[in-house]
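Read off the chains here:
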Amino acid sequence: MHSKRKGYNLKRAIAENPSAEDLNRWQREVAYGGNPEHKRNPGDFGLTPPASPRADKTLCDGVAIFQRRVALRLLREGVRHGLVSKQTRNSYPQNIWAVSDDGTPLEAELENQGNGTYHGYPMPVKDDFREKVLEKWRTSNER
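Since the structure is predicted, the reported quantities are computational estimates derived from the model, not experimental observations.

Visitor: So what exactly am I meant to see when it comes to helix α2 (residues 68-80) here?
Guide: It helps to recall that an α-helix has 3.6 residues per turn; residues three or four apart then point in one direction. Helix length check: α2 (13 residues) gives 18 Å between terminal C-alpha atoms against 18 Å at 1.5 Å per residue, within 8%. All buried positions along α2 are accounted for by Val70, Ala71, Leu74, Leu75, Glu77, Gly78 and Val79. Positive backbone phi, approximately 80 degrees, marks Gly82, located one or two places after α2.

Here is the structure:
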């Protein structure tokens, strides 16, 4: 019998010194797929079903991400800022973090480790890892 997870993944960690080679490759290769569970408005994501918001999921609508190109730009900016997880799957980071134009921390999860496709969402307000993402984003912008 499995119990439902009661908190956020405590094993998440931002990679300390990803190589420039890996960062450059990821910036070129990552793709954005999307997940209907994080959408009320399907935008141009081409998802099936187009939108299927779940009450326990944060929605991209809340940070006005309705276009795949915007989601992909944020995903690649997260890589550029070095906000990639220590944990990898098939040479891609398990997670990539970024900060939306309105200052909301975002988390992307690897959904296809064969081709580096991710889906993302705004991080829940109660997730303490948000502060680590915001701090790393600020310090990487200061360089």
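Visitor: Can you help me understand the pattern of salt bridges in this one?
Guide: Pairs can form between side chains of opposite charge once their charged atoms are near each other. Scanning the entire structure with this criterion turns up 9 salt bridges. Where Asp22 meets Arg25, a salt bridge forms, and the shortest distance between an N and an O atom there is 3.9 Å. Placement of both Asp22 and Arg25 in helix α1 (residues 20-29) is noted, with a separation of 3 residues, approximately one turn of the helix. Here Glu37 ties to Arg54 by a salt bridge, and the two come within 3.2 Å at their closest N and O atoms. Residue Glu37 is found in the loop between β1 (31-32) and α2, and its partner Arg54 is found in the loop between β1 and α2; the two are separated by 17 residues along the sequence. Note on Glu37: relative accessible area 23%, which makes it partly exposed. One network of salt bridges, in which partners are shared, links Arg12, Glu107 and Asp127.

Visitor: Looking at this model, I keep getting lost on the pairing of strand β4 (residues 95-99). Mind explaining?
Guide: Note on strand geometry: in a regular strand, side chains alternate between the two faces of the sheet. Counted residue by residue, β4 has 5 buried out of 5 residues, so it is predominantly covered. Burial along β4 is two-sided: Asn95, Trp97 and Val99 facing one way and Ile96 and Ala98 facing the other are all buried. Relative to strand β5 (residues 105-112), β4 is paired through 5 bridges, and the arrangement is antiparallel. Bridge assignment links Ala98 to a residue of β5, and that residue is Leu106. Following β4, the chain reverses through 5 residues before pairing antiparallel with β5; Gly103 in that reversal takes a positive phi of roughly 90 degrees.

Visitor: Looking at this model, I keep getting lost on the nonpolar core. Mind explaining?
Guide: Within the largest apolar cluster, 32 residues are counted, with the highest numbers of intra-cluster contacts made by Trp26, Ile65, Leu75, Val84, Ile96, Trp97 and Tyr118. Every element with two or more residues in this core is listed here: α1, α2, β4, β5 and α3 (129-142). Element by element, the count of residues in this core is highest for α2, at 5 residues. When neighbours within four sequence positions are excluded, Ile96 is seen to be in contact with Val30, Leu75, Gly78, Val79, Leu83, Val84, Leu106, Glu107, Ala108 and Tyr118.

Visitor: Looking at this structure, I do not really get empty space enclosed by the protein. What am I missing?
Guide: One way to see where empty space is left: roll a probe the size of a water molecule over the atoms. Evaluated as defined, the whole model comprises 1 cavity of 30 Å³ or more. The computed volume of the largest cavity comes to approximately 130 Å³. Lining the largest cavity we find 16 residues, and of these Tyr32, Ala71, Leu106, Gly120 and Tyr121 sit closest to its centre. Those elements giving two or more residues to the lining of the largest cavity turn out to be α2, β4, β5 and β6 (117-122).

Visitor: What's the story with the packing of aromatic side chains in this structure? I'm lost.
Guide: In this description, an aromatic ring pair is defined by two values, namely the gap between the centres and the angle between the planes. Under the defined criterion, the tally for this structure stands at 2 aromatic pairs. Seen in terms of ring centroids, Trp97 and Phe129 are 5.0 Å apart; in terms of plane orientation they differ by 45 degrees. Their pairing is tilted. Highlighted residues: Trp97 in strand β4 and Phe129 in helix α3, separated in sequence by 32 residues. Owing to a relative accessible area of 0%, Trp97 belongs among the buried residues under this scheme. A relative accessible area of 7% means that Phe129 is categorised as buried. If you follow Arg25 out to its NZ or CZ, it ends over the ring of Tyr92, 5.5 Å from the centre.

What counts, and at which threshold
- Residues numbered from 1 in each chain as written.
- Predicted model: local features only at pLDDT ≥ 70, side-chain atom pairs only at ≥ 80, totals over all residues.
- Heavy atoms only, no water.
- Helix = DSSP H or I, 4+ residues; strand = E, 2+ residues; numbered from the N terminus.
- Expected span 1.5 Å × (residues − 1).
- Buried < 20%, exposed > 50% of the residue type's maximum accessible area, 1.4 Å probe, protein only.
- Salt bridge = Lys/Arg side-chain N within 4 Å of Asp/Glu carboxyl O.
- Pairing = 2+ DSSP bridges.
- Core = buried A, V, L, I, M, F, W, Y, C linked by side-chain atoms within 4.5 Å.
- Contact = heavy atoms within 4.5 Å.
- 1 Å grid on protein atoms, 1.4 Å probe; cavity = no way out; pocket = protein on both sides within 12 Å on 5 of 7 lines; lining within 4 Å.
- Points joined across faces, edges and corners; volume = space filled by probe spheres on them.
- Phe/Tyr/Trp six-rings, centres within 6.5 Å; stacked < 30°, edge-to-face > 60°.
- Lys NZ or Arg CZ within 6 Å of the ring centre and 35° of its normal.

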